[in-house]
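# Architecture at a glance
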Amino acid sequence: EDQVTQSPEALRLQEGESSSLNCSYTVSGLRGLFWYRQDPGKGPEFLFTLYSAGEEKEKERLKATLTKKESFLHITAPKPEDSATYLCAVQPINYQLIWGAGTKLIIKP
Amino acid sequence: GAGVSQSPSNKVTEKGKDVELRCDPISGHTALYWYRQSLGQGLEFLIYFQGNSAPDKSGLPSDRFSAERTGGSVSTLTIQRTQQEDSAVYLCASSSGADQPQHFGDGTRLSIL
């Protein structure tokens, strides 16, 4: 069965304290893996797409990496405005995205 | 340009009433998706449109739920005879193709009293 597991459920960091969020997946035929950011009361905001193992994407303080079984979202020297829930989704052969439950990230000033 | 627009942003209704939720996708996006998000849960897929047709309705939870899309643009999700368990945020997304990133609206928060 296709599934996506994100860990940890919640993460509290001090401003400037780097860390990583994990997205583990089992899927038949991965077409792509997507990372989104969701702020309270808002819809998910697209961050990255990764298509193959070894691929990396960067945007400001965020860097996403992909292996055959998991993806990491690395956050370097985070700021309070990086606080949000980060969602991971995988796209199998049938195109329908399978979503993780998210990691709630809190960055304290 | 304009993003995905959903209306209403909030809807409170009594159990047993029918509700219609509207989604206006990004112009030119052929694919449109409806999801449901309950508090603290991941996104639950409801239905996918390619143009005006819905090749995948597998996520609709019951026959009380239906959706249509007209003119390859606006979509409405209708819930008949609402139940308290229908309370959730209903999110709409659109994309330029099935394998392209989905872009989301801010959702309709539905509360059933």
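Everything here concerns the structure above.
The sections below set out a description of the structure shown in this document. Each residue is numbered by its place in its chain's sequence as written, counting from 1. Lettering for chains starts from A, numbering for ligands starts from 1, and both go in the order in which the items are written. Selection of residues for local features in this predicted model requires a pLDDT of at least 70, selection of side-chain atom pairs for listing and counting requires 80 or more, and totals for whole chains, interfaces and linings are taken over all residues. The side-chain figures draw on all heavy atoms in the structure; neither hydrogens nor water molecules are used.

The next point concerns the interface of chain B and chain A. By definition in these notes, contact holds between two residues if any of their heavy atoms fall within 4.5 Å. Across the contact, 18 residues belong to chain B and 18 residues belong to chain A. Take the accessible area each of two parts loses on contact, using a 1.4 Å probe, and add the two losses: that sum is the buried area. Between chain B and chain A the total buried area reaches about 1400 Å² when both faces are included, carbon and sulfur atoms providing 54% of it. Whenever Lys or Arg places a side-chain nitrogen within 4 Å of a carboxyl oxygen from Asp or Glu, that contact is recorded as a salt bridge. Taken together, the links from chain B to chain A amount to one salt bridge. We call two N or O atoms a polar contact when they sit within 3.5 Å, provided that within protein one can donate a hydrogen and the other can accept it, with sequence-adjacent residues counted only if both atoms are side-chain atoms. For the interface between chain B and chain A, the tally reads five residue pairs in polar contact (both at pLDDT 80 or more). Residue assignment for the side of chain B that touches chain A shows that the elements contributing at least two residues are β4 (31-37), β5 (43-50) and β10 (103-104) of chain B. Polar here means any residue outside two lists: the nonpolar Ala, Val, Leu, Ile, Met, Phe, Trp, Tyr, Cys and Pro, and the charged Asp, Glu, Lys and Arg; Gly therefore counts as polar. Broken down by class, the residue content of the side of chain B that touches chain A amounts to seven nonpolar, seven polar and four charged. Helix numbers and strand numbers start at the N terminus; a helix is a DSSP run of H or I with at least 4 residues, a strand a run of E with at least 2.

By definition, a disulfide links the sulfur atoms of two cysteines through a covalent bond. All names here are of chain B. Any two cysteine sulfur atoms within 2.5 Å of one another count as a disulfide. Overall, the coordinates contain two disulfides over all chains when judged by the stated rule. Put simply, Cys 23 and Cys 92 are joined by a disulfide, and their sulfur atoms are 1.9 Å apart. The disulfide joining Cys 23 to Cys 92 has a torsion of about -65 degrees about its S-S bond and is therefore left-handed. Of this pair, Cys 23 sits in strand β3 (residues 19-24) while Cys 92 sits in strand β9 (residues 88-95); the two residues are 69 residues apart in sequence, bridging distant segments of the chain. Burial status follows relative accessibility: with a 1.4 Å probe on protein chains alone, a residue under 20% of its type maximum counts as buried, one over 50% as exposed, and anything between as partly exposed. You can call Cys 92 buried: its relative accessible area is 0%.

Attention now moves to the pairing of strand β5 (residues 45-50) of chain A. Residue and element names in this part refer to chain A. Strand pairing is assigned whenever DSSP detects at least two bridges linking the two strands. Here strand β4 (residues 32-38) pairs with β5 via five bridges, running antiparallel. Paired with Trp 35 across the strands is Phe 48, a residue of β5. Hairpin geometry of β4 and β5 is characterised by an intervening segment of six residues between the two adjacent antiparallel strands and by a positive phi of about 75 degrees at Gly 41.

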